[in-house]
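# Structural features, examined
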Amino acid sequence: MIYKSVGVGLFFAIGLIAASSNWVYGKTPDTVTPAPMQLSTADHSKFEVLQQRFKSGMELTKACLGCHNLAAKQVHTSNHWNWEIPNDKTGQLVGKRNVLNSMMVATSSNGPYCARCHISNEWKDEGFDFTAEEQVDCLACHDTTGTYASNKWHQLRVKCSACHVEWDKSKAREVVRKPNLSELAKQVGKPSVKSCGGCHFYSDGGDGIKHGDLDSSLATAPRHLDVHMAQDGLGYSCTTCHKTEWHQMMGSQYEPESKDEQGVDVAAGSRATCESCHGLVPHPESANPKLNNHVDRIACQTCHIPALARGGRPTKTYWDWSTAGRVDDKGKDIVERDDKGRVIYSSKRGGAQWAENLTPEYVWFNGRIEFTTMDDSIDPAGVVQLNTLAGGPDDPKARIWPVKALRGKQPIDAEQATLVAASLFGKKNDGFWKTFDWTASIDAAMKVAGREFSGQVGFVETEMRIPVNHMVAPAEDALACVSCHSREGRMKDVEGLYMPGIGSVPILDKLFLTMALLALSGVLLHGAIRVISSQKKG
Amino acid sequence: MPKKIYVFKRFERFWHWSQAILIITLLITGFEVHGIYSLFGFEQVVGYHTIAAWTLVGLWIFAIFWHFTTGEWKQYIPTLEKADAMIKYYAVGIFTNAPHPFRQTTRHKHNPLQRLAYLFVLLVIGPTIWFSGWLYLFYDVWPEYGLANLPLEWVAVAHASAAYLMLIFLIVHVYLATAGHTPTAHIKAMITGWEEVEDEDEEKTKI
């Protein structure tokens, strides 16, 4: 009762103050521009410096730096800028500039095309100046309309069919429209899901292709797809968890934290771990008390991300470069689709397998990821692990994590037995998509990388595992106990793991069941003889 | 003339039948937890198994108290005397209508094979299953008791092995319950408490 009256009192007091301030100043406040970021204290559309026609990204950046004069310096030290991350745990120099995968193979060799997702204005070639402040492309992250990244990319005028094997011509005009920098500049704000998604949803050449837990369905996520980002729920953006200080993002996939033992510290800035908000005892008392016993060995993601690619966009699980380049009788590109219309072969990209509602694979993981690079020699007959997630059952820092596995075949230097980069795009005659000539493509790419290439092209099977973090389902859709605690459960391929529900030493089960059956048949036989012998007497 | 003696007191009968229900429940649920089949679903069945286990613990506390206060624990003192006769009876005599070598009295309710079997249940199967079961239930506090390096699988193997032995005991026990002088005599006795015995002077019928 007392709380109620205090509440009502406060309500009136606030109303009175609000009313009186209007009365004191004699006017109602200006209508706030319905910009997406109403929490901001600045309305960029009113800034004088932004009331001009920007002819280039660099011009716009200079305008931004006029006020945000430390921003570029901060960006210059970020992973987003450098694409090169010294991994303290492994001593390796990783990041997009250095690692390889079986999808678009390598960024370094694809000149301006991959670099178009880089947060710079004009990274075109090796001559790019990473120290130039005006090169920072502010809009890459701070565009709030969600149109900029895509439009910027399409200014490259790559042949549409390079990516859009299922190309819809009617949309062509829309996507290749030049971004209106002056308009976009007035609407800048904190990065939205669409800002980040402009690049991250489309990794390796299309929506959802690479990650499976990151695709454009998250931009309009319903609750069942992502409980945090749900438009009809919490409505978090990427940066709610991936907190940023000084333009440094938390939560890099190159140096993930497999087991956060610090607990709740979101007030000091989230570390993009579940524990950062949910703490070390995350399940409520009303839940099965056994759940909290799991957190020491099972990553939250394992139960709470029951499947990948749940938003209606398939993700690629297999990419076979070795068959790419096949053309039809007339020399034209081939495109083959499965019954769902997904491209399972194209001349430009080779063979593919796709999945929706994909069950992740599970591995022990202690946060240390080692990459196989072009420096390492490989076994051309084996399956090359492009990255190795360290950890095992005896490692207290390791937990069981869900991973998206990418498998495929990718080019190698058959003589040196090393992985290679390859040039795919390219207007000159060295891009694979132009010539279907691996030797020329690899040769060009290796020159860029400053490495030897013998000229002998081979292909090797590769595997890569990416820890899964997104598309967190609501609690009611999390895995049930039986999902793992059964003989054919999800953990059946995880090494060194015993848990109830999977049986134990199989020979022991067989032995005891045989004994029980023998006992049963023994007593039945005994009983039968008793019956027969008593009948004989009777 | 057969005579009736009151062998199983009210608490004993209550103990026997509630224990029977609980053990059968524990076997059915336990083997699902072990992953032999799927009946109730893992989460539910673990709950049922745990409830039944704690109920049985409670029952045993009463039973142990009862056995010691009444002196009935002496019924389980093992003896090999006439055990060979019992084996011979089950192997041959029972088919030829030979007389039962054991005379039941209130002081000696159990024949020597029963004594051995029950003692095995009480001293081997019971402790193994209780001890491993408690370890299982308190898995999350193992490190606090210096058991961090104990493999859960060992505990599971001990628990399941004891459970299998209990299953085998149950099969044989249920069958031998029909091996009285009529097939239902023992079962009736376990329900009513009254067993029909040969009309002999109770004092003389020691085994």
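Our structure's up above, just so we're on the same page.
Quick look at the structure, then. Computed from a prediction, not measured in an experiment: that's the story for all the values here.

Cut-offs applied
- Residues numbered from 1 in each chain as written.
- Chains lettered and ligands numbered in written order.
- Predicted model: local features only at pLDDT ≥ 70, side-chain atom pairs only at ≥ 80, totals over all residues.
- Heavy atoms only, no water.
- Helix = DSSP H or I, 4+ residues; strand = E, 2+ residues; numbered from the N terminus.
- Buried < 20%, exposed > 50% of the residue type's maximum accessible area, 1.4 Å probe, protein only.
- Contact = heavy atoms within 4.5 Å.
- Areas by Shrake-Rupley, 256 points an atom, 1.4 Å probe, with all protein chains shown as cover.
- Lys, Arg positive; Asp, Glu negative; His and termini not counted.
- Charge placed at Lys NZ, Arg CZ, Asp CG, Glu CD.
- Phe/Tyr/Trp six-rings, centres within 6.5 Å; stacked < 30°, edge-to-face > 60°.
- Axes fitted to C-alpha atoms, helices over the stretch in contact; angles between N-to-C directions.
- Nonpolar A, V, L, I, M, F, W, Y, C, P; charged D, E, K, R; others polar.

## Here's the deal with the overall build of chain B
- Across its full length, chain B holds six helices and two strands.
- Of the regular secondary structure in chain B, the N- to C-terminal order runs β-α-α-α-α-α-α-β.
- Viewed in the frame of its principal axes, chain B has a C-alpha envelope of about 60 × 35 × 30 Å.
- The burial tally for chain B puts 43% of its 207 residues in the buried class.
- Within chain B, contacts between residues separated by at least 24 positions form 70% of all contacts whose residues are at least 6 apart in sequence.
- When the accessible surface of chain B is summed, it comes to about 11,600 Å², and 69% of that surface belongs to carbon and sulfur atoms.
- Looking at charge distribution, chain B has the averaged site of its 15 positive side-chain charges lying 11 Å from that of its 17 negative ones.

## A short note on the overall build of chain A
- Counting its regular elements, chain A contains 18 helices and 15 strands.
- Residue burial in chain A is summarised as follows: out of 538 residues, 44% are buried.
- Taking the intrachain contacts of chain A between residues at least 6 apart in sequence as the baseline, contacts between residues at least 24 apart amount to 68%.

## Considering the packing of aromatic side chains
- Within the structure shown, the criterion is met by 32 aromatic pairs over all chains.
- Judged by centre distance (5.6 Å) and plane angle (75°), the ring pair of Trp 438 of chain A and Phe 459 of chain A falls under edge-to-face. Of the two residues, Trp 438 of chain A sits in helix 16 (residues 438-449) while Phe 459 of chain A sits in strand 15 (residues 457-467), which places them 21 residues apart along the sequence.
- For Trp 438 of chain A, a relative accessible area of 10% translates into the label buried.
- On the basis of relative accessible area, Phe 459 of chain A is assigned to the partly exposed category, the value being 26%.
- Ring plane angle 25° and centroid distance 6.0 Å describe the contact between Phe 68 of chain B and Trp 73 of chain B, whose orientation is recorded as stacked.
- An aromatic cluster is defined as three or more aromatic residues linked by ring pairs; in this entry it consists of Trp 319, Trp 321, Phe 432, Phe 436, Trp 438 and Phe 459 of chain A.

## Points about the packing of helix 1 (residues 10-33) of chain B against helix 6 (residues 185-192) of chain B
Residue and element names in this part refer to chain B.
- Where helix 1 meets helix 6, the closest approach of the two axes is 8 Å, and the angle between their N-to-C directions is 115°. Residues Glu 12, Arg 13, His 16 and Trp 17 of helix 1 form the contact with helix 6, whose own contacting residues are Ala 189, Met 190, Ile 191 and Thr 192.
- Tallied by class, residues from the contact of helix 1 with helix 6 come to four nonpolar, two polar and two charged.

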